[in-house]
Amino acid sequence: MKNTARILIFIIPLFLIIGCGNKTVFEKNIKFGNEGWNRFTKLSFDFEINNPDIRYDIFIEVKIKEDYPEQFIPLYLKADYSNGETRSDKYSVKIKDNYNRFLKEPKDGLRQYSDCIQKGKKFPKAGKYQYEFEQGTSRLVIKGIEEINFKIMKSKITD
């Protein structure tokens, strides 16, 4: 009985430490399928920041099919902050090299790209935020994008 109690005293904190290792604060996937992403369709990500005292890393992850035609995915960001501010920026995820060859090998028929678009981001206060993305290609509809994942993680950067 004493040995069982000792083992439990060791194992329970170990599970708590392993369980707390996940640093993802917010994550949302948007799937496109065969219809593609229309230039006027905005991808909206609503999230809440509970701890403005720490920094965050913000990622865009993209899954691309073989028929994706462009070298980059240009993205326009409009960010609405809980303090009433609005900010905008432009990002791009590089998909192909200068010779139009994909930079990543396919896995299960898709190529996955991940870009940290904001590293060590500090939000001004706790509250609700919205990041809204539009695709910035010259095409009305861009095909070949299977999925876009927006992810916020706690950063290793500290003040």
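Residues numbered from 1 in each chain as written. Predicted model: local features only at pLDDT ≥ 70, side-chain atom pairs only at ≥ 80, totals over all residues. Heavy atoms only, no water.

Engineer: What is the right way to look at the overall build of the protein chain in this model?
Structural biologist: Looking only at helices and strands, the protein chain features 1 helix and 10 strands. Reading the protein chain from its N terminus to its C terminus gives the helix and strand order α-β-β-β-β-β-β-β-β-β-β. Pairs at least 24 residues apart make up 78% of the contacts formed inside the protein chain by residues separated by at least 6 positions. As displayed, the protein chain offers around 9900 Å² of accessible surface, 52% of which is attributable to carbon and sulfur atoms. (Helix = DSSP H or I, 4+ residues; strand = E, 2+ residues; numbered from the N terminus. Contact = heavy atoms within 4.5 Å. Areas by Shrake-Rupley, 256 points an atom, 1.4 Å probe, with all protein chains shown as cover.)

Engineer: Whenever I open this one, the pattern of salt bridges confuses me. Can you help?
Structural biologist: Side-chain pairs of opposite charge can arise where the charged atoms are in close proximity. In this structure the tally under the stated criterion is 10 salt bridges. Of the charged contacts in the structure, one is a salt bridge between Lys128 and Glu48, with a shortest N-O distance of 3.6 Å. Placement of Lys128 in strand S8 (residues 127–135) and of Glu48 in strand S3 (residues 43–49) is noted, with a sequence separation of 80 residues between them. Of the residues examined, Glu48 reaches a relative accessible area of 41% and is grouped as partly exposed. Its salt-bridge partner being Glu66, residue Arg111 comes within 3.0 Å of it at the nearest N-O pair. Within this pair, whereas Arg111 is found in strand S7 (residues 111–121), its partner Glu66 is found in the loop between strand S4 (56–64) and strand S5 (72–80), the two being separated by 45 residues in sequence. For Arg111, a relative accessible area of 9% gives the class buried. (Salt bridge = Lys/Arg side-chain N within 4 Å of Asp/Glu carboxyl O. Buried < 20%, exposed > 50% of the residue type's maximum accessible area, 1.4 Å probe, protein only.)

Engineer: Would you take a moment to explain a nonpolar patch on the surface for this structure?
Structural biologist: Together, Phe40, Leu140 and Val141 give the surface a local cluster of nonpolar side chains, amounting to about 290 Å² of exposed area. Locating Leu140 in the fold gives a position in the loop between S8 and strand S9 (141–142). By relative accessible area, Leu140 is classed as partly exposed at 44%. (Patch = residues over 30% accessible without salt bridge, like charges linked within 9 Å, V, L, I, M, F, W, Y side chains within 5 Å.)

Engineer: What is the right way to look at the sheet that holds S7 in this model?
Structural biologist: In sheet architecture, strand pairing relies on hydrogen bonds along the backbone and comes in two forms, parallel and antiparallel. Here 4 strands make up an open sheet; going across it, the order is S1-S10-S4-S7 and the pairing antiparallel. The open sheet is flanked by strand S1 (24–31) and S7, the only strands paired with a single partner. With direction set aside, neighbouring strand axes in the sheet form an average angle of 15 degrees. Strand direction decides the pairing type here: S4 and S7, joined by 8 bridges, are antiparallel. Bridged to Glu61 within S7 is Ser114. (Pairing = 2+ DSSP bridges. Axes fitted to C-alpha atoms, helices over the stretch in contact; angles between N-to-C directions.)

Engineer: What is the right way to look at the side chain of Asp57 in this model?
Structural biologist: For Asp57, the position within the fold is in strand S4. Accessibility expressed as a relative area gives 7% for Asp57, which makes it buried. Of note is the side chain of Asp57, whose polar atom sits 2.8 Å from the backbone nitrogen of Gly120. Side-chain polar atoms of Asp57 contact the side chain of Ser155, separated by 3.0 Å. Discounting chain neighbours no more than four positions away, the residues touching Asp57 are Cys116, Gln118, Lys119, Gly120, Lys151, Ile152, Met153, Ser155 and Lys156. (Polar contact = N/O pair within 3.5 Å; in protein donor to acceptor, adjacent residues only side chain to side chain.)

Engineer: Would you mind showing me how to read the nonpolar core here?
Structural biologist: Most often, soluble globular proteins have nonpolar side chains that are buried together. Within the largest apolar cluster, 34 residues are counted, with the highest numbers of intra-cluster contacts made by Tyr131, Phe133, Ile145 and Phe150. Among the secondary structure elements, those contributing two or more residues to this core are S1, S3, S4, S5, strand S6 (86–94), S7, S8 and strand S10 (145–154). In this structure, Ile145 is in contact with Phe32, Gly33, Trp37, Val62, Lys63, Ile64, Tyr68 and Ile73, ignoring residues within four places of it in sequence. (Core = buried A, V, L, I, M, F, W, Y, C linked by side-chain atoms within 4.5 Å.)

Engineer: Explain the sheet that holds S8 to me, please; I cannot follow it from the model alone.
Structural biologist: Spatially, the 4 strands line up as an open sheet ordered S3-S8-S5-S6, and their pairing is antiparallel. Looking at the sheet topology across the chains shown, the edges are occupied by S3 and S6. For this sheet the average axis-to-axis angle between neighbouring strands, irrespective of direction, equals 25 degrees. When S5 meets S8, the two strands line up antiparallel, connected through 6 bridges. Of the residues in S8, the one forming a bridge with Asp80 is Gln130.

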